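Read off the chains here:
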Amino acid sequence: MIFVAPAVLYVVIFQLLPVAYGFALSFTRYSPLQRGAPTFVGLENYVALLGDADFLNALWITARYTLQVLPVTVAIALLLAILANRPFRGVGIFRSALYIPHIVSLTAVSMIWLWMYSQNGLFNELLALVDLGPQRWLNDPDSALNGVSVMRVWKALGSNMVLLLAGLQTIPKDLYEQASIDGATRWHQFRHVTLPGLRPMLIYVVAMDIIYLSQSFAEIFVLTSGGPLNSTTTVNYLIYTEAFDYSRMGSASAMAFVLFAFIAGLTLIALRAGRER
Amino acid sequence: MDHPRRRTALKASAALLGAPMLLSACGDGSSESGGDPEGDLVVWFPGTNPAEQTFLNDVLIPAFTEATGRGAAATFIDWPDMSTRLNAGFSSGTGPDVLGHGPAAVADLVAFGRLEPLDSYLDQLEDSDIADFQTALDSGVVDGVSYAFPIASTGRQIGYNAAHFEEVGLDPDAPVTTFEALKEAADALAVRDGDQLTRAGVVFGAEPASMQQAFTTMLWANGGEMLSEDSSSVLFNSPEGVTALEWYVSLYQGDAPVDNGLGGTWNGLPPAQSPLVTEDTSMLFADPSTFQQILAAAPEMDLRFMDVLSFEGKEPAAFGGAATSLMINPDSARKDAAWEFITLIGEADMNNRYAEDVGHVPVRESAIESEYVQNNPSIATAVENSAAFRSNPNVPGWTRMRDTLAQYLEQALNAQVSPQEALDQAAAEVEQIIAENG
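All values reported here derive from a predicted model rather than from experimental measurement.

When its secondary structure is counted, chain B shows 18 helices and 15 strands. Along the first, second and third principal axes, the C-alpha set of chain B runs to 100 × 50 × 35 Å. In chain B, which comprises 438 residues, the share counted as buried stands at 55%. Considering only contacts in chain B between residues 6 or more positions apart, those separated by 24 or more positions represent 73%. As presented, chain B carries roughly 18,100 Å² of accessible surface, and 49% of it is formed by carbon and sulfur atoms. In chain B, the 20 positive side-chain charges and the 65 negative ones have mean positions that sit 15 Å from each other.

The next subject is helix α10 (residues 208-221) of chain B. Taking 1.5 Å as the rise per residue, α10(B) with 14 residues should run 20 Å; its terminal C-alpha atoms sit 20 Å apart, in good agreement. Two residues or fewer past α10(B), B:Gly223 is found with a positive phi of approximately 85°.

Let us now look at the nonpolar core. Nonpolar side chains tend to gather and get buried jointly when the protein is soluble and globular. Counting 69 residues, the largest nonpolar core has B:Leu182, B:Phe204, B:Phe215, B:Phe236, B:Leu245, B:Tyr248 and B:Met283 as its most contacted members. Apart from the residues lying within four places of it in its own chain, the contact partners of B:Phe236 are B:Phe215, B:Leu219, B:Glu225, B:Met226, B:Gly241, B:Leu405, B:Leu423, B:Ala426, B:Ala427 and B:Val430. Among the nonpolar cores identified, the runner-up in size contains 41 residues, and A:Ile61, A:Leu80, A:Met151 and A:Ala270 belong to it.

Here the focus is the pattern of salt bridges. Using the criterion set out here, one finds 18 salt bridges over all chains in the structure. With its nearest N and O atoms 3.8 Å apart, the salt bridge here joins B:Lys335 to B:Glu116. Pair noted here: B:Lys335 is in helix α13 (residues 335-346) and B:Glu116 is in the loop between α4 (106-111) and α5 (119-122), with a separation of 219 residues, a long-range link. What makes B:Lys335 partly exposed here is its relative accessible area of 22%. When its relative accessible area of 17% is taken as the criterion, B:Glu116 is described as buried. Among the ionic pairs, B:Asp129 bridges to B:Arg364, the shortest N-O distance being 2.9 Å. Of the two residues, B:Asp129 is situated in helix α6 (residues 127-132) and B:Arg364 in the loop between α14 (348-358) and α15 (371-375); the sequence distance between them amounts to 235 residues. Taking the relative accessible area as the measure of exposure, B:Arg364 reaches 7% and is therefore buried. Connected through shared salt-bridge partners, A:Glu242, A:Arg248, B:Arg400 and B:Glu436 make up one network.

Next up on the list: the sheet that holds strand β11 (residues 281-286) of chain B. Residue and element names in this part refer to chain B. If you trace the five strands from one edge of the open sheet to the other, you get β9-β10-β11-β8-β12, paired in mixed fashion. Unpaired on one side and paired on the other, β9 (191-193) and β12 (303-305) mark the two borders of the sheet. When the angles between neighbouring strand axes are averaged without regard to direction, this sheet yields 30°.

Quick look at the packing of helix α12 (residues 288-297) of chain B against helix α16 (residues 377-384) of chain B now. All names here are of chain B. Relative to each other, α12 and α16 sit at 165°, their axes nearing to 8 Å. With respect to α16, the element α12 is oriented roughly antiparallel. Note that α12 runs across α16; the crossing there is right-handed. Of α16, the residues touching α12 (which contributes Pro 288, Phe 291 and Gln 292) are Ser 378, Ile 379 and Ala 382.

Turning to the side chain of A:Ser159, a few remarks are in order. Within the secondary structure layout, A:Ser159 lies in helix α7 (residues 144-168). Those residues in contact with A:Ser159 that lie beyond four places of it in its chain are A:Tyr99 and A:His102.

The next point concerns the interface of chain B and chain A. Of the residues lining the interface, 36 residues belong to chain B; the matching set on chain A comes to 30 residues. Between chain B and chain A the total buried area reaches about 2,600 Å² when both faces are included, carbon and sulfur atoms providing 48% of it. Inspection of the chain B/chain A interface yields two salt bridges. Here A:Arg248 makes a salt bridge to B:Glu436, at a shortest N to O gap of 3.4 Å.

For the rest of this paragraph, the subject is the sheet that holds strand β6 (residues 149-150) of chain B. All names here are of chain B. Taken in spatial order, the five strands make up an open sheet running β2-β1-β3-β14-β6, and their pairing is mixed. Each edge of the sheet is formed by a strand with only one pairing partner; in this case those strands are β2 (72-77) and β6. Bridge count between strand β1 (residues 41-46) and β2: six bridges; the pairing is parallel. Opposite Val 42, over in β2, you have Ala 73 as the bridge partner. Relative to strand β14 (residues 325-328), α13 is tilted by about 165°, and along the sheet it contacts β1, β2, β3 (98-101), β6 and β14.

Before going further, it helps to examine the environment of B:Ser91. Locating B:Ser91 in the fold gives a position in helix α3 (residues 82-92). Once residues within four sequence positions are removed from consideration, B:Ser91 is found in contact with A:Tyr30 and A:Pro32. Here B:Asn87 takes part through its backbone oxygen, which lies 2.8 Å from a polar atom of the side chain of B:Ser91. Only 3.2 Å separates the side chain of B:Ser91 from the backbone oxygen of B:Ala88, close enough to count as a polar contact.

The subject of this paragraph is the pairing of β3(B). Regular strands have side chains that alternate between both faces of the sheet. All names here are of chain B. Of the two faces of β3, the one lined by Val 98 and Gly 100 and the one lined by Leu 99 and His 101 are each fully buried. The sheet contact formed by β1 and β3 spans two bridges and is parallel. Across the sheet, the residue bridging to Val 43 is Val 98, located in β3.

Moving on, we come to unusual backbone geometry. Cis peptide bonds are those with omega within 30 degrees of zero, and the linkage from A:Gly227 to A:Pro228 qualifies with -10°. Examined against the element boundaries, A:Pro228 turns out to sit in the loop between α10 (218-223) and α11 (235-245). Phi is positive for A:Asn230, close to 60°, though the residue is something other than glycine. Inspection of the secondary structure assignment puts A:Asn230 in the loop between α10 and α11. Within the chain, B:Ala415 stands out as a residue other than glycine whose phi angle is a positive 60°. Looking at the element boundaries, B:Ala415 is found in the loop between α17 (398-413) and α18 (419-436).

Under the definition given, this model contains 34 aromatic pairs over all chains. Ring geometry for A:Trp113 versus A:Trp154: centroids 5.5 Å apart, planes at 50°, classification tilted. Remark: A:Trp154 occurs in helix α7 and A:Trp113 occurs in helix α5 (residues 106-117); sequence separation between them is 41 residues. In this structure A:Trp113 comes out as buried when scored by relative accessible area, which is 8%. Classification of A:Trp154 as partly exposed rests on a relative accessible area of 34%. Sitting over the face of the ring of B:Trp44, B:Arg85 holds its NZ or CZ atom 5.2 Å from the ring centroid.

How each quantity is defined
Residues numbered from 1 in each chain as written. Chains lettered and ligands numbered in written order. Predicted model: local features only at pLDDT ≥ 70, side-chain atom pairs only at ≥ 80, totals over all residues. Heavy atoms only, no water. Helix = DSSP H or I, 4+ residues; strand = E, 2+ residues; numbered from the N terminus. Buried < 20%, exposed > 50% of the residue type's maximum accessible area, 1.4 Å probe, protein only. Contact = heavy atoms within 4.5 Å. Areas by Shrake-Rupley, 256 points an atom, 1.4 Å probe, with all protein chains shown as cover. Lys, Arg positive; Asp, Glu negative; His and termini not counted. Charge placed at Lys NZ, Arg CZ, Asp CG, Glu CD. Expected span 1.5 Å × (residues − 1). Core = buried A, V, L, I, M, F, W, Y, C linked by side-chain atoms within 4.5 Å. Salt bridge = Lys/Arg side-chain N within 4 Å of Asp/Glu carboxyl O. Pairing = 2+ DSSP bridges. Axes fitted to C-alpha atoms, helices over the stretch in contact; angles between N-to-C directions. Parallel < 35°, antiparallel > 145°, perpendicular 65-115°, else oblique. Left-handed = near helix turned anticlockwise from the far one by under 90°. Buried area = accessible area lost by both parts, 1.4 Å probe. Polar contact = N/O pair within 3.5 Å; in protein donor to acceptor, adjacent residues only side chain to side chain. Phe/Tyr/Trp six-rings, centres within 6.5 Å; stacked < 30°, edge-to-face > 60°. Lys NZ or Arg CZ within 6 Å of the ring centre and 35° of its normal.

Functional significance is not addressed by these values, which are geometric in nature.
The following block contains the structure:
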């Protein structure tokens, strides 16, 4: 017991208690500036969220962002992992180059993409080379979320690729040899050997991506500040403004726990879908 | 039964409690700043501008130490993080003695009793001093009481590229004075390729706070008001407000838009990528500090500045007033020292030097005579027009009101709703925020 006490204390003090405190706050009206204790308001904050158009919009944006980035990231990362799993000259450099975006700060990366998306940025310069007019990548409500998504796909590829590569390397080579002897085509090998062998890692990658993407904040903060017309306001960004711009901790905590339920729901769906039948 | 061990413990406790009391009663325990206890003054300063940090650490704090015999420790906090840090500091009882912030934060801090009233301190100043920074001082007044001491001013103005004016036959020496004429000039300056603007005539800020500041400027310049005098009801959806917003919308919509910056994020970009520097616009609505940075990025540009505009037949007015302001934490044990620190940076010479080192507008109107102001046209225009600058209402819940209004302004600018609908819907929500903040 004494040996696990430090770990237990750490989990209780730094993880469980803050979560419990946050949950308790979600039933109160509280500003960190106030001198008195939080005022208990029951389910008022949760009920208010049901009719809060900004929150419902943010929930939709979060779902859309997660569901449009996730499949693209996983599919491209899988393709790159299969490529990186082949022996060729420079494979180490290839793997490292793809992993580099993952180790660079998301905020720094977002700043660079902000410049690339600007009126005179790289993307519009490339369009100009083929005589196309400049696009309002992040300024148009119809394209802003897609612009942020492209950046996030690029950022997430490296880590997903490395995880999937590790998964690929656990698949015994002799399975491919046997399949080949049995006359399986490349596609059949991929369908019946690679995918089943990769299933645990794929499920892990999908679950972790859902968790990370649903909590997106830094790239939204830097690239669009939630605009234009709230077209990129995710729940996490809304929580930030509610808590720190407006000092409404109770309402922000309620949003955080609805987001938690949303992420848990999406993750469970992914886990059930990936379960072996 | 007597317990010798308990008696010893009681004696020890009494000694521990009594010693500091005795020391504080007999000894000085205080420094030169009134009866304040010893120790460095803790200052939380908004912004991480290196020039500002150098000024505070190398000029202001040494001067403060020389004057008072007390040190001061300044922590520089990024503007967007300031409210977060203050929330944490106040709720944990570790707030600073002196805090800096913008006027938008003042009313909420006052509502929670987090700012010391400054009226009794201001009474110690000469009348001429007060008159010298009256415009900016008004930005820190809540319910008739001063809570914030301005150390820099700001004001929105139109900066224009004189070469572009000449190019299209406009006289750069006779800039426009009304919003109606500004639209005509923008129309003449805009360059189009088919239905696409390749060079905007004018660009206004497109993030929420900038949109609100632009609209409020137009509203005031058209004789309208944001809120009633007692701040209990909304007035911005008046006919003056609707006309002002219709003018604002006309920049982006209709047959000949003149501003393509809607939804843009140019104010998050480095100065060298400002649309004025890249010549993607001929005119820009911004603040003097931004224009100073633009001039540094494009020193060859003949950049000039208009006086504050009005709608025809109305009085000129624009968003402005205090920029950075300093306040005192009412829980501070060093309030007198805090006030000495604040008055030091407000002194004419010190404030002019601060403005010059950092590129701000000095807070005193008398600074118009200074070499720094005379040599910097954007700063000079701001100081000359200081009487026309007005600050946002100082009411609790202001940041929510501002963002709510901005949200509907953005919808109107994107032609999703009419100006009247946008302002009416915004007014309904803002009335609700006013009611919540009672």
